[in-house]
Amino acid sequence: MTKRVLSNETGEDLIYDLYAVSNHFGSLGGGHYTAFAQVDGEWYNFDDTRVTKVAKPDDVKTTAAYVLFYRLRGWKTQIGR
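All of these numbers come straight from a predicted model, not from anything done at the bench.

**Student:** Can you walk me through the overall build of the protein in this structure?
**Tutor:** In terms of regular secondary structure, the protein is built from zero helices and five strands. For the protein, the N- to C-terminal ordering of α and β elements is β-β-β-β-β. Each of the 81 residues in the protein was classed as buried or not, and the buried ones make up 17%. Of the contacts made within the protein by residues no fewer than 6 positions apart, 41% connect residues no fewer than 24 positions apart. For the protein, the exposed surface amounts to about 6,900 Å²; the carbon and sulfur share of it is 52%.

This is the structure:
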């Protein structure tokens with residue numbers, strides 16, 4: 001994604017990792033949303049009140065993907081600071 005970043009002042013290649021996917025099933029008038037998210041290196045499927053571990057990471061790739069969330073590799077978050 002380096003070529004898509006508007007301001008890359010370091011000149012280094014930027015690597016982004018996918019960490020969550022929002023899915024939409026249905027039509028424009030209505031439907032159902034689910035999500036995949038990576039927690040501690042493992043993928044999980046969130047569907048209403050049910051959370052299940054994803055057996056194969058390739059299962060995260062679906063035609064229902066609506067919004068993809070990426071994080072710059074090496075970027076760390078500190079909650080509460």
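What follows picks up the thread again.
**Student:** I would appreciate a short explanation of the packing of aromatic side chains in the present structure.
**Tutor:** Each aromatic ring pair is specified by the distance between its two centres and by the angle formed by the two planes. As enumerated under the stated definition, the model contains two aromatic pairs in all. Taking 6.2 Å as the distance between ring centres and 55° as the angle between the ring planes, the aromatic pair formed by tyrosine 19 and phenylalanine 69 counts as tilted. Separated by 50 residues along the polypeptide, tyrosine 19 in strand S1 (residues 16-27) and phenylalanine 69 in strand S5 (residues 65-72) bring together distant segments of the chain. Each ring, one from tyrosine 33 and one from tyrosine 66, has its centre 6.0 Å from the other, and the planes form 70°; the classification is edge-to-face. Remark: tyrosine 66 occurs in strand S5 and tyrosine 33 occurs in strand S2 (residues 30-39); sequence separation between them is 33 residues. The exposure class assigned to tyrosine 33 is partly exposed, which follows from its relative accessible area of 46%.

**Student:** Whenever I open this one, the side chain of serine 22 confuses me. Can you help?
**Tutor:** As for its position among the elements, serine 22 is in strand S1. Each residue touching serine 22, except ones within four places of it in the same chain, is listed here: Tyr33, Thr34, Ala35, Ala64, Ala65, Tyr66, Val67 and Phe69.

**Student:** What is the right way to read the environment of valine 39 from this model?
**Tutor:** Following the sequence through the fold, valine 39 ends up in strand S2. The exposure class assigned to valine 39 is partly exposed, which follows from its relative accessible area of 39%.

Parameters and conventions
- Residues numbered from 1 in each chain as written.
- Predicted model: local features only at pLDDT ≥ 70, side-chain atom pairs only at ≥ 80, totals over all residues.
- Heavy atoms only, no water.
- Helix = DSSP H or I, 4+ residues; strand = E, 2+ residues; numbered from the N terminus.
- Buried < 20%, exposed > 50% of the residue type's maximum accessible area, 1.4 Å probe, protein only.
- Contact = heavy atoms within 4.5 Å.
- Areas by Shrake-Rupley, 256 points an atom, 1.4 Å probe, with all protein chains shown as cover.
- Phe/Tyr/Trp six-rings, centres within 6.5 Å; stacked < 30°, edge-to-face > 60°.

Function cannot be read off these values alone, since they describe shape.
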